[in-house]
Structure formats: structure tokens, C-alpha cells
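Inside the fold
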Amino acid sequence: MPVTLPLRPRAVLAPALAGTLLLLSGCGADVDTGTGDARTATVNRCGEPVDYTRPQRAVAYEGGSADKLFSLGLTEHVHGYVMPPANPPVTESPWASEYAKVKMLSDDLLNKELVVEAESDFVVAGWNSGFSDERGITPEILDKLGIQSFMHTESCYNYPGHPQRATPFEALYTDLERLGRIFGVEDRADEVVAGLKKRAQAVAARAPEGDPVPVFLYDSGTDQPFTAGSQVPPTDIIATAGGRNVFADLDERWTQVGWEAVTEAEPEVVVILDYGDQPAEKKIGFLKSSPHSRHLPAVRKGNFFVLDYNEGISGPRNIDGLEKFARYLRELES
């Protein structure tokens, strides 16, 4: 049975709904009912069908969430955003003009009090990033408060009770399609998804021939590096461009590994995830000086590629990162 979210006091449904349209997708059936601002839709949140009313005061956590909404032309439905220190400045975003039209609510982590104070009716975030049992803000908690929530499909694979597995790029496309249904902009979502797929396919068609280049993504960490497993966008970015994430066999999202495993993998390229508060230059400096990493083939050759934080987390800028990395690999091969 779908989870039906209680209406907030200010929400008013039309007396009669105009009809029911059954939309089928590769992720299951989602039902849209009604017209205008009273429009409702049943859409999967991870593996759980949820009844949504079209949001009017959405709050987005991190750039990936906000970018998904802005790319679908939903700025007027966005009340504000929360950007933790890791996120680079929003002025660097392709949607900088849209960020300027809504409120920055916090430069810290997402929390329940902030969402309630903002009188939000919809929160977009990932599991174990924005949403967190430890910090007391989960979809279940928000459901009880009458606040709708949406989780990135990429983060659903270990969501308790309702896990869902999808490759990172497919998860991105799924999110855009689901948000399109929730907000009643299906045509726009189809157009955006088709454009992203076309760009990704063009990159794949130009990938270097031969064995994929072994690539190590360095997120952070000194005693033990933090890197990308199979369930996060950089793995699809690397593979589509013609490389191979040396830790793609780890059935994880972001995870710690040992330096010995990195050494054994002999990466020819290191992708540096560039945080707003942990700049790439410092990470490269560490890799060049640390006895754990300075002898890696990629480090000795100076083969570093900097991936922007918002190109590495789930969002439409994944495809920007893909195109840039693909150009880097082609130049490396020439």
C-alpha cells in the first residue's frame, strides 16, 4: 500500500479530481491524478510507493538535489536550499541564476528543525547524507509531520526496509522522471533525460579502444583513503569514458579501503574529488608526498583529474563531469 502523507493545514485538495492517468516506466507504475496545484501522484520513494501532492515549498539538500529541481524548471516551487561546507559555491553552478531566486537556508547539515521552520512541504536529499537516523531527520519522521520527502535513487540501495538498486546514471534518470511526475512536468523531464542520455551515449561512442585505463578516485583520508565503490556516479563516469574504477567491484557507495589495495591496483589515473572545504590542490600535494601514494604510477606521471563535488554526487552535472573526464582520457591516450 502507498504511504499517504497527511496534508499540511494550508494544503487544499480540489473537491473532485479530474481523472487518473497510469504512467508506466522501467521502475514500476506511478499514478497521476488531478489537475492544477491539487494534482497528486503516486511515485516510488526508493522501493516504497508514496502519494504526493504537488509541492510548493521544496527544500533541497546539496547541489545535486537543487540542480535536479532547477533543471526541470521548478524554481518557483523551491523555497530554499541547504549547502554544507563540502559543496562548492552555488555561483559556479550552471543554474546560478536560479539559486539566486531562492533562499539559502543553511551552510550546515540538514536537520528537522530547519525544515519545520521553513514550513517546507517537500525535502529532497540522499539517504545517509541529508537524511540520517543519527541526526533525527528521516522520511518516516517527516511523514509523521506531514512533510513530503524524496530520496535520490542512487542512495536507496541500503535504505532500511525499502532498498532499491540501480546503476548511478540510471538512478539519475529515474529521479528526474519521478520528480517530473510529482510536479506535473513529465514532458520537461523526458526532454531533460533524453538530452543527458544522448550526451552520455556520445561519450561512450568515443571511448578509447583497448583495455580500460585503471583509475583510482581519491575522495579524502590519510591513514585510509575514502573512495568510490560501484554504487556512486564516479564509477559510471569512469566506465563510460573508457576507464575502470579499480574499486568498482566493491558493492558500496563511498567507502574506505587500504593503501595496500590501492598500490596493488596500480592506477594510471587518479580522480580527485574537489570539495568546497577540501580543495584538490591539497589532496594532490598529499598524494605526491605520502609514502603510501607517491610511488603510484598515476602520481609519478602526474596524471590527476579534478572532478567537481557536484559532478561526483547524483545530479545532472554528472554528465558534465563525464564529458570533461572523457576529454582528459582521450588527450592522455594521444
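It should be emphasised that the depicted structure is a prediction, and the values quoted were computed from it without experimental measurement.

**Description of the packing of aromatic side chains**
- Tallied over the full model, the rule gives 16 aromatic pairs.
- Ring centres of Phe216 and Tyr218 lie 6.2 Å apart, and the angle between their planes is 40°; this geometry places the pair in the tilted category. There is no split in this pair, since Phe216 and Tyr218 are both buried.
- Arranged with centres 5.1 Å apart and planes meeting at 65°, the rings of Phe305 and Phe325 form a pair that is edge-to-face. Linking Phe305 in strand β16 (residues 304-308) with Phe325 in helix α12 (residues 317-333), this pair joins segments that are 20 residues apart in sequence. Each of the two residues, Phe305 as well as Phe325, counts as buried.
- Positioned above the aromatic ring of Tyr275 is the side chain of Lys283, whose terminal nitrogen or guanidinium carbon lies 4.1 Å from the ring centre.

**A look at helix α5 (residues 168-183)**
- Between the first and last C-alpha of α5 there are 23 Å, a value that for 16 residues agrees with the 22 Å anticipated at 1.5 Å per step.
- Buried residues dominate α5, accounting for 14 of its 16 residues.
- After α5 finishes, the residue Gly184 shows a positive phi value of roughly 70°.

**Notes on the pattern of salt bridges**
- Tallied over the entire structure, the rule returns 14 salt bridges.
- Taking the shortest distance from any N to any O, the salt bridge between Lys101 and Glu98 comes out at 3.3 Å.
- The exposure class assigned to Lys101 is exposed, which follows from its relative accessible area of 58%.
- One salt bridge in this structure joins Glu140 and Lys144, with 4.0 Å as the shortest N-O distance. Highlighted residues: Glu140 and Lys144, both in helix α4 (residues 139-144), separated by four residues, approximately one helical turn.

**Re the layout of surface pockets**
- Here the largest pocket is characterised by a volume of approximately 480 Å³.
- Glu62, Ser129, Trp254, Tyr309 and Ile313 are, among the 29 residues lining the largest pocket, the residues nearest its centre.
- Of all the secondary structure elements, the ones that give two or more residues to the lining of the largest pocket are α1 (62-71) and α11 (309-312).
- Among the elements that line the lining of the largest pocket, the one with the most residues is α1, at three residues.
- Of the residues assigned to the lining of the largest pocket, the class counts are 14 nonpolar, nine polar and six charged.

**Looking at the state of the cysteines**
- Counting across every chain of the model gives one disulfide.
- The disulfide that involves Cys46 links it to Cys156, with 1.9 Å between the sulfurs. Taking the sign of the torsion about the S-S bond as the criterion, the disulfide between Cys46 and Cys156, at about -75°, is left-handed. Here Cys46, found in the loop between β4 (40-45) and β5 (48-53), pairs with Cys156, found in the loop between β10 (148-151) and α5; they are 110 residues apart in sequence, far enough to count as distant.
- Take Cys46: its relative accessible area is 0%, and that puts it in the buried class.
- On the accessibility criterion, Cys156 (0% relative accessible area) is buried.

**Regarding the sheet that holds strand β11 (residues 213-218)**
- The parallel open sheet is built from four strands, whose spatial order is β13-β11-β15-β16. In the strand order of this sheet, the two ends are held by β13 (243-245) and β16, each with one partner. When strand polarity is set aside, the average angle formed by the axes of neighbouring strands in this sheet is 35°.
- Pairing geometry for strand β15 (residues 269-274) and β16, over five bridges, is parallel. Along β16, the bridge assignment pairs Ile272 with Val306.
- Running over the sheet, helix α7 (residues 233-241) touches β11, β13 and β16 and is turned about 155° from β13.

**Some details on the sheet that holds strand β7 (residues 78-82)**
- Within the open sheet, the five strands sit side by side as β8-β7-β6-β9-β10. Their pairing is parallel. Each edge of the open sheet carries a strand with a single partner, namely β8 (103-106) and β10. Neighbouring strand axes in the sheet, compared pairwise and without regard to direction, differ in orientation by 25° on average.
- Note that strand β6 (residues 58-61) and strand β9 (residues 122-125) share three bridges and pair parallel. Across the sheet, the residue bridging to Ala60 is Val124, located in β9.
- Running over the sheet, α1 touches β6, β7 and β9 and is turned about 135° from β6.

**Points about the nonpolar core**
- Grouped together as the largest cluster of nonpolar side chains are 57 residues, with contacts concentrated most on Leu69, Tyr99, Phe122, Tyr173, Leu322 and Phe325.
- At seven residues, α5 tops the list of elements feeding residues into this core.
- Setting aside its immediate chain neighbours within four residues, Leu69 contacts Ala58, Ala60, Leu74, Val78, Val124, Leu179 and Phe183.
- The next biggest cluster of nonpolar side chains, apart from the first, holds 18 residues, and it includes Val59, Tyr61, Val82 and Ile137.

About the thresholds
- Residues numbered from 1 in each chain as written.
- Predicted model: local features only at pLDDT ≥ 70, side-chain atom pairs only at ≥ 80, totals over all residues.
- Heavy atoms only, no water.
- Phe/Tyr/Trp six-rings, centres within 6.5 Å; stacked < 30°, edge-to-face > 60°.
- Buried < 20%, exposed > 50% of the residue type's maximum accessible area, 1.4 Å probe, protein only.
- Helix = DSSP H or I, 4+ residues; strand = E, 2+ residues; numbered from the N terminus.
- Lys NZ or Arg CZ within 6 Å of the ring centre and 35° of its normal.
- Expected span 1.5 Å × (residues − 1).
- Salt bridge = Lys/Arg side-chain N within 4 Å of Asp/Glu carboxyl O.
- 1 Å grid on protein atoms, 1.4 Å probe; cavity = no way out; pocket = protein on both sides within 12 Å on 5 of 7 lines; lining within 4 Å.
- Points joined across faces, edges and corners; volume = space filled by probe spheres on them.
- Nonpolar A, V, L, I, M, F, W, Y, C, P; charged D, E, K, R; others polar.
- Disulfide = S-S within 2.5 Å.
- Pairing = 2+ DSSP bridges.
- Axes fitted to C-alpha atoms, helices over the stretch in contact; angles between N-to-C directions.
- Contact = heavy atoms within 4.5 Å.
- Core = buried A, V, L, I, M, F, W, Y, C linked by side-chain atoms within 4.5 Å.

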